[in-house]
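Spelled out from the first residue to the last, the chains are:
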Amino acid sequence: MPIPTTRLPSGEPIPAFGLGTWMMGESDKKRGDEVAALKLGLDLGATLIDTAEMYGDGEAEEIVGDAIAGRRDSLFIVSKVLPENASRADTIAACEGSLKRLRTDRIDLYLLHWRGSTPLEHTLEGFVQLQRDGKIRHWGVSNFDTDDMEELLALPGGNACATNQVLYNLKRRRIEFDLVPFCRARNIPIMAYSPIEQGRLLGAAALKEVAQRHGATTAQVALAWLLEQPATIVIPKATNPEHVRENFAALDLRLTDEDRAILDRAFPPPSKKYALEML
Ligand code: NAP
């Protein structure tokens, strides 16, 4: 199954499914398995990898560097700057550190990991300089609620924001009330992190019921539901090769109206505004 794409605000296609890397790079013993899992994902057809300078204190980016060696050009690499490094100069220095660890000359999409105390315009200046220097192709944000997005987009150049990466899965639908429509109206894709709630979603009865109807797993149903959402990029993390393969097979799973009704009953969409949740 070819990986579906959605579009960045620029019109450039971006894969709607990719590989997460949080918790990678935290143990020497697991390093080989983590590189192998990412390589397996790429062999199966993934082209997008999501990482961050925070993950494993830079070690996850090193692991990505190993996994992408020799095939970087066909890939779309996402990384993130920590809010404490988000001044103009520190954003540039942080990106250069990430480029070294990833062993590449550019990051395709560079995100502010969450909002800190640095004025957004300073981070933006860093992003714009990095773009001018060819070190990043697009920039965006993560964990931004609707009011943060409004503030960002009102800044000069702020409407170049290419994505907002947020917690989104069946259990975390609150953003559907206003953040999702806000981003969709501006052609800003949502990147859905923790799509299976780090495994905690998988025992849910409604997921089991739908999974049974398809001879699928609950993880596949949770991913298939997110993959159906328009302008949404789904980035499950898996080190276990069985999980990697299983998650790819979610691309072939087609939910029915009845499945959606079961899931909506168990995980109802919001009827009012709630503050953005983050992990
Ligand atoms: P996740 O993808 O929802 O879940 C990952 C966990 O689920 C791992 O323990 C993994 O186990 C397990 N798993 C994966 N596929 C499975 C399957 N088919 N069946 C059973 N278990 C399965 O959680 P996440 O890592 O938090 O989120 C995904 C990515 O989003 C991250 O890796 C990161 O890149 C990004 N993220 C961003 C932020 C942010 O603030 N911007 C926050 C959180 C996450 P194994 O590893 O053992 O296979």
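Residues numbered from 1 in each chain as written. Predicted model: local features only at pLDDT ≥ 70, side-chain atom pairs only at ≥ 80, totals over all residues. Heavy atoms only, no water.

Student: Report on the site of the ligand, specifying residues and quantitative values.
Tutor: Around the ligand, the structure places 28 residues, and the nearest of them are W22, D50, K237, H243 and N247. Between an oxygen atom of the ligand and a main-chain N or O atom of T239, the distance comes to 2.9 Å. Isolated, the ligand exposes 900 Å² of accessible area, and the fraction of that covered by the protein chains is 88%. Ranked by the residues each element gives to the shell around the ligand, the list is headed by helix α9 (residues 241-249), at 3 residues. Here the residues of the shell around the ligand sort into 10 nonpolar, 13 polar and 5 charged. (Near = heavy atom within 4 Å. Polar contact = N/O pair within 3.5 Å; in protein donor to acceptor, adjacent residues only side chain to side chain. Areas by Shrake-Rupley, 256 points an atom, 1.4 Å probe, with all protein chains shown as cover. Helix = DSSP H or I, 4+ residues; strand = E, 2+ residues; numbered from the N terminus. Nonpolar A, V, L, I, M, F, W, Y, C, P; charged D, E, K, R; others polar.)

Student: Just give me the short version of the packing of aromatic side chains, but keep the residues and values in it.
Tutor: Any two aromatic rings considered together are summarised by their centre-to-centre distance and by the angle between their planes. Overall, the coordinates contain 5 aromatic pairs when judged by the stated rule. Here Y168 and W225 contribute two aromatic rings whose centre-to-centre distance is 5.8 Å and whose plane-to-plane angle is 70°, an arrangement assigned as edge-to-face. Separated by 57 residues along the polypeptide, Y168 in the loop between β7 (164-167) and α6 (179-185) and W225 in helix α8 (residues 218-228) bring together distant segments of the chain. A relative accessible area of 3% places W225 in the buried class. The rings of Y110, F127 and W139 are connected pair by pair, giving a single aromatic cluster. Looking at R174, its charged tip hangs above the ring of Y274, at a distance of 3.9 Å from the centre. Sitting over the ring of F182, R186 keeps its end group 3.7 Å from the ring centre. (Phe/Tyr/Trp six-rings, centres within 6.5 Å; stacked < 30°, edge-to-face > 60°. Buried < 20%, exposed > 50% of the residue type's maximum accessible area, 1.4 Å probe, protein only. Lys NZ or Arg CZ within 6 Å of the ring centre and 35° of its normal.)

Student: Hey, could you go over helix α7 (residues 205-214) for me, with residue numbers and the actual values?
Tutor: The periodicity of an α-helix, 3.6 residues per turn, causes residues three or four positions apart to be oriented the same way. The set of residues buried in α7 consists of A206, L207, V210 and A211. Down the axis of α7, the smallest arc covering the buried residues is 130°, so these residues share one side. Away from the buried face of α7 by more than 90 degrees, exposed residues A205 and Q212 are located. After α7 finishes, the residue G215 shows a positive phi value of roughly 60°. (Arc of directions from axis to C-beta.)

Student: Residues and numbers for the environment of P270, please.
Tutor: By the secondary structure assignment, P270 is in the segment after α10 (257-266). Residues P270 and R174 lie 96 residues apart in sequence; the distance between their C-alpha atoms is 5.3 Å. Here P270 is in contact with R173, R174, E176 and F177, once residues within four sequence places are set aside. (Contact = heavy atoms within 4.5 Å.)

Student: Tell me about the nonpolar core, residues and numbers included.
Tutor: Y110, M149, L152 and L263 are the most contacted members of the largest nonpolar core, which has 80 residues in total. It is α8 that provides the largest number of residues to this core, a total of 8 residues. Ranked by size, the runner-up nonpolar core spans 13 residues in total, among them F76, V78, L111 and I233. (Core = buried A, V, L, I, M, F, W, Y, C linked by side-chain atoms within 4.5 Å.)

Student: An account of the side chain of T91 is requested, with residue identities and associated values reported.
Tutor: Within the secondary structure layout, T91 lies in helix α3 (residues 88-102). Given the relative accessible area of 0%, T91 is considered buried. Dropping the residues within four chain positions of it, T91 is found in contact with V81, N85, A86, Y110, T123, G126, F127 and L130.

Student: Tell me about unusual backbone geometry, and please be specific about residues and values.
Tutor: Even without a glycine there, the phi angle at E197 is positive, about 55°. Note on placement: E197 falls in the loop between β8 (190-193) and α7. With a relative accessible area of 1%, E197 lands in the buried category. Unusually for a residue other than glycine, Q198 sits at a positive phi of about 55°. Looking at Q198, the relative accessible area reads 38%, which means it is partly exposed.

Student: Describe the sheet that holds β7, with residues and values.
Tutor: As summarised here, the arrangement of the 7 strands in space is β3-β4-β5-β6-β7-β8-β9, forming an open sheet in which the pairing is parallel. The strands lining the two open edges of the sheet, one partner per strand, are β3 (48-50) and β9 (232-234). Strand-to-strand twist in this sheet, taken as the mean axis angle between neighbours without regard to direction, amounts to 30°. Direction of pairing for strand β6 (residues 136-142) relative to β7: parallel, over a ladder of 2 bridges. If you follow V141 over to β7, its bridge partner there is N164. (Pairing = 2+ DSSP bridges. Axes fitted to C-alpha atoms, helices over the stretch in contact; angles between N-to-C directions.)

Student: Describe in detail the environment of G199, supporting the description with residues and values.
Tutor: Position of G199 relative to the elements: it lies in the loop between β8 and α7. For G199, a relative accessible area of 31% translates into the label partly exposed. Separated by 20 residues in sequence, G199 and A219 have C-alpha atoms that sit 8.0 Å apart.

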